[in-house]
Amino acid sequence: MTIGGWLLQDVVRLLSTVPGRRMLSALSVSVSGAAGQHRTNVRYFSTTRSQCAKARCVKKKTDISEKKLTRYFVDHRRVSLAAGSGGKGACTFHSEPRKEFGGPDGGNGGNGGDIIIKVDQQVKSLSMVAQVYRGQDGESGGKKNCYGRNAKTTYITVPVGTIVKENGKIVADLSRQGQEYIAAFGGAGGKGNRFFLSNENRAPTTATPGEPGQEKVLHLELRTMAHAGMVGFPNAGKSSLLRAISNAKPAVAAYPFTTLNPHVGIVQYQDHEQVAVADIPGIIRGAHRNRGLGISFLRHIERCRFLIYVLDLSAREPWTQLQELRFELEQYEPGLAGRPQAIVANKVDIPEARANLAALRSRVTQRVIPVSALTGHNIEELILHLRELYDGYLLTEERAGGSPMTW
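Cut-offs and rules
Residues numbered from 1 in each chain as written. Predicted model: local features only at pLDDT ≥ 70, side-chain atom pairs only at ≥ 80, totals over all residues. Heavy atoms only, no water. UniProt positions renumbered as here; feature names shortened; annotations may be inferred. Helix = DSSP H or I, 4+ residues; strand = E, 2+ residues; numbered from the N terminus. Buried < 20%, exposed > 50% of the residue type's maximum accessible area, 1.4 Å probe, protein only. Contact = heavy atoms within 4.5 Å. Areas by Shrake-Rupley, 256 points an atom, 1.4 Å probe, with all protein chains shown as cover. Pairing = 2+ DSSP bridges. Axes fitted to C-alpha atoms, helices over the stretch in contact; angles between N-to-C directions.

As recorded by an unreviewed UniProt entry, the protein chain carries the name Mitochondrial ribosome-associated GTPase 2 and is attributed to Lepisosteus oculatus. The heading Function (unreviewed entry) in the UniProt record of the protein chain holds the text "Plays a role in the regulation of the mitochondrial ribosome assembly and of translational activity. Displays GTPase activity. Involved in the ribosome maturation process."

As structure tokens, then:
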């Protein structure tokens, strides 16, 4: 056997000792030598099949905790803006052989870039909005009457329902997809000496610099855009109820805790209508005085067209919850508690809730819908009642000549 045959045997022996090569049994190597002739037959060998590859398990997507959700959600932001400055005008004269007095040919500078706030429906929070924005400066003018290039516009994308405030006053209400607001104007470009050419001055040497851009400090506030807003005290089961009627997945747990930011879920109907329901964080007593998180909770209710009062039937005297919730809303904004509403009595699956439900109905003249977000009891009645409130909202908007909000 020659050196090539020995090398081939060593390679086969080396491969057979590699762990995990399950398909080596299908490899047959026959080496036969006759007068220095060697023949190698490889039937099958693969390292890409599933039997040879490392076993991989698909990781299940875990629910994000409420603490992490709060970290990603921002509903107010202070922004400093500085638009771009205009480019400088050029002071040059035309130079060409056999042309002694060519005259001024300095071009104007380009305009500075504006800063525009634009609504994007795919953005759900102000967390991606930076604290400082600076626009691009315009390009300076050049010789041969070349004008400087205008700077590009800087866009700030915000979610639907963003309010822009300057010095405490509302200057823009961005409530429609694609709506834009010019927050800061860029400076105008400077003039070149060609601009000052006249019959009296045939060789002007004057050129002006570009104007500086506007500088502003704005406050952005996000107010949740939804048809219905769930209002209730902490641990009333609003997040669980939102998971039961829509496709939203707010954080829930077997222990009591408070949702720290609003969640919006979409209720689907067979005629392809969609009703947006917002889970407003729990309101505490004295919220209208900014106690707790107070106003930061209540401002998300302002845009809701109708309200859903979620009461906890496991608590003593649940009818007092309804009175206190209405009082807090009325103190925050007069007339807010008088909007179309639904009263939902949650946790009807608890044994002591039956007696509280009868007492609640005896003290409230409006319709009370008993549900259980945990077991799904009577969820259909709540969904149908939401559709009735939504149809009433559409009819009111049509009569007023307005355009109803669509999600």
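Structure's up, so let's keep going.
S.K.: An account of the overall build of the protein chain is requested, with residue identities and associated values reported.
M.R.: Along its length, the protein chain carries 7 helices and 14 strands. When the 407 residues of the protein chain are sorted by exposure, 41% land in the buried category. Excluding contacts between residues fewer than 6 apart, the proportion of contacts in the protein chain whose partners are at least 24 apart in sequence is 70%. With an accessible surface of roughly 23,600 Å², the protein chain has 51% of that area assigned to carbon and sulfur atoms.

S.K.: Could you give me a rundown of the sheet that holds strand β14 (residues 368-370), with the residues and numbers involved?
M.R.: Read across the open sheet, the 6 strands follow the order β10-β11-β9-β12-β13-β14; overall the sheet is mixed. Strand pairing shows two members of the sheet lacking a second neighbour, β10 (263-268) and β14, which therefore form its edges. Between one strand axis and the next, the sheet turns by 25° as a mean value, whatever way the strands run. Two elements, β10 and strand β11 (residues 274-279), share 6 bridges in a ladder whose sense is antiparallel. The residue of β11 that forms the bridge with Val264 is Ala278. Of the strands in this sheet, β9 (228-231), β12 (306-312) and β13 (341-346) are in contact with helix α5 (residues 319-332), which crosses β12 at around 140°. Packed on one face of the sheet, helix α6 (residues 353-363) meets β12, β13 and β14 and runs near 170° to β14.

S.K.: Before we move on, can you summarise the environment of Arg176 with the specific residues and values?
M.R.: Locating Arg176 in the fold gives a position in the loop between β6 (169-174) and β7 (180-184). Considered as a pair, Arg176 and Lys118 are 58 residues apart in the sequence and their alpha carbons are 9.8 Å apart. Once you skip the residues sitting within four places of it in the chain, Arg176 turns out to touch Val119 and Val160.

S.K.: A description of the side chain of Thr154 should follow, citing residues and the corresponding values.
M.R.: Looking at where Thr154 falls in the secondary structure, it is placed in strand β4 (residues 154-158). Not counting residues within four places of it along the chain, the set of residues in contact with Thr154 comprises Asp114, Ile115, Ile116, Tyr133, Arg134, Gly135 and Gln136.

S.K.: Which residues make up the environment of Gln122, and what are the values?
M.R.: Topologically, Gln122 is positioned in the loop between β2 (115-119) and β3 (132-134). Measuring from C-alpha to C-alpha, the distance between Gln122 and Val160 comes to 8.9 Å, with 38 residues separating the pair along the chain.

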